[in-house]
Amino acid sequence: MSYVAVVLAAGRATRFGSDKLSAVLDGQPLLHHAIRAARAAPVERVIVVARPHLDVGDWPGAPEVETLRLASDALSETLKTGIAAAGGADGVFVFLGDMPRIPHSVAAQLAEAVGPAYAAMPRQGGKPGHPALLSAAAFADIATLTGDEGAGRLLRQRGDVVLVDCDDPAIHFDVDRPEDLCRA
C-alpha cells in the first residue's frame, strides 16, 4: 500500500491570538512536532498544507517533506488541497499542525488495521482521535466538503471506519490557547 501524510497548517488560530504553529514547545515550533509524527508514519512523503509565510522548516532525508501554500484558511480547502496533492496514493494520513504529542507508533497501527475500510482512526477512552487514515475510497467524498468542515462528519456517518484502541490520551490533545502549551 502507498500512503502519504498530509499535515494541515493553514488555519488562522483565532483562539490562540497569535501565530500558534510557530509557538515554541520543547524548544521547537509547534508545527515541527506534527511534521515529525507525520514523518514517522509509514509514508512515501509528507505534504504540509500551510498558510503563506509560515516557516515550515527544512526536513532533509526521507520521507520527503513538501510544502504547499494556501491563502484560504477553510479547513475543507486545506484538506482537499492535501488530498489532491497525494495523487494516486492508496491512503492519506491526516495530521493536524496543532497536535504536538501524537504517538509515533499510532500511524503504523492504523495502516495495519485499515484493510479495505473507508478509514481508520485511533480511539482512547471510547473517543476517536488523530491522526485519521483515509483510504482512497474517501477521496471523492472529501472533494465535496465546503467551508470549515473537515472529514469528521463523513467519518461519523460511515459504518466502515476502523477504530484502533490506543492507551495514549495524546491522540486528543491539541493546542488552542497559549495556556495549552503549559499542559503539553
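All figures in this text were calculated on a predicted structure; none of them were measured in a lab. (Residues numbered from 1 in each chain as written. Predicted model: local features only at pLDDT ≥ 70, side-chain atom pairs only at ≥ 80, totals over all residues. Heavy atoms only, no water.)

### Concerning the nonpolar core
Of all hydrophobic cores here, the largest spans 40 residues; its most connected members are Val7, Val48, Phe93 and Phe95. Contributing elements (two or more residues each) for this core: strand E1 (3-9), helix H1 (30-40), strand E4 (45-50), strand E6 (91-96) and helix H3 (106-114). Element by element, the count of residues in this core is highest for H1, at six residues. Contact partners of Val7, with chain neighbours within four places excluded, come to Leu31, Ala34, Ile35, Ala38, Val46, Ile47, Val48, Val49, Phe95 and Gly97. If you look at the next biggest cluster of nonpolar residues, it comprises 25 residues, including Ile47, Val94, Ala119 and Leu154. (Core = buried A, V, L, I, M, F, W, Y, C linked by side-chain atoms within 4.5 Å. Buried < 20%, exposed > 50% of the residue type's maximum accessible area, 1.4 Å probe, protein only. Helix = DSSP H or I, 4+ residues; strand = E, 2+ residues; numbered from the N terminus. Contact = heavy atoms within 4.5 Å.)

### With respect to the pattern of salt bridges
Counting across every chain of the model gives nine salt bridges. Of the charged contacts in the structure, one is a salt bridge between Arg51 and Asp19, with a shortest N-O distance of 2.2 Å. On the criterion of sequence distance, the pair formed by Arg51 in the loop between E4 and strand E5 (64-69) and Asp19 in the loop between E1 and strand E2 (24-25) is long-range, its members being 32 residues apart. The class for Arg51 is buried, based on a relative accessible area of 19%. Owing to a relative accessible area of 33%, Asp19 belongs among the partly exposed residues under this scheme. The partner of Asp98 in a salt bridge is Lys20, with the nearest N and O atoms 2.9 Å apart. Residue Asp98 is found in the loop between E6 and H3, and its partner Lys20 is found in the loop between E1 and E2; the two are separated by 78 residues along the sequence. A single salt-bridge network, built from bridges that share partners, covers Asp141, Arg158 and Asp160. (Salt bridge = Lys/Arg side-chain N within 4 Å of Asp/Glu carboxyl O.)

### Remarks on the side chain of His33
Looking at where His33 falls in the secondary structure, it is placed in helix H1. Not counting residues within four places of it along the chain, the set of residues in contact with His33 comprises Leu25, Asp26, Gln28, Pro100 and Arg101.

### Describing H1
Within H1, nine of the 11 residues are buried, which leaves the element mostly enclosed by the surrounding structure. Those residues of H1 that sit buried are Leu30, Leu31, His32, His33, Ala34, Ile35, Ala37, Ala38 and Arg39.

### Some remarks on the environment of Glu77
Position of Glu77 relative to the elements: it lies in helix H2 (residues 75-85). Residue Glu77 is classed as partly exposed on the basis of its relative accessible area, which comes to 31%. When the C-alpha positions of Glu77 and Arg158 are compared, they lie 22 Å apart, and in sequence the two are 81 residues distant. Sequence-distant contacts of Glu77, defined by excluding residues within four places in its chain, comprise Leu70 and Ser72. A polar side-chain atom of Glu77 sits 3.2 Å from a polar atom in the side chain of Lys80. (Polar contact = N/O pair within 3.5 Å; in protein donor to acceptor, adjacent residues only side chain to side chain.)

### A closer look at H3
Looking at H3, one finds that the buried residues are Val106, Ala107, Leu110, Ala111 and Val114. Projected onto a plane normal to the axis of H3, the buried residues spread over an arc of 140° and lie on a single side. Those residues of H3 that are buried are in contact with E1, E6, strand E7 (119-124), strand E9 (132-135) and strand E10 (161-165). Once H3 ends, the next one or two residues include Gly115, with phi positive near 50°. (Arc of directions from axis to C-beta.)

Fair warning: the whole summary comes from geometry, so function is off the table for now.
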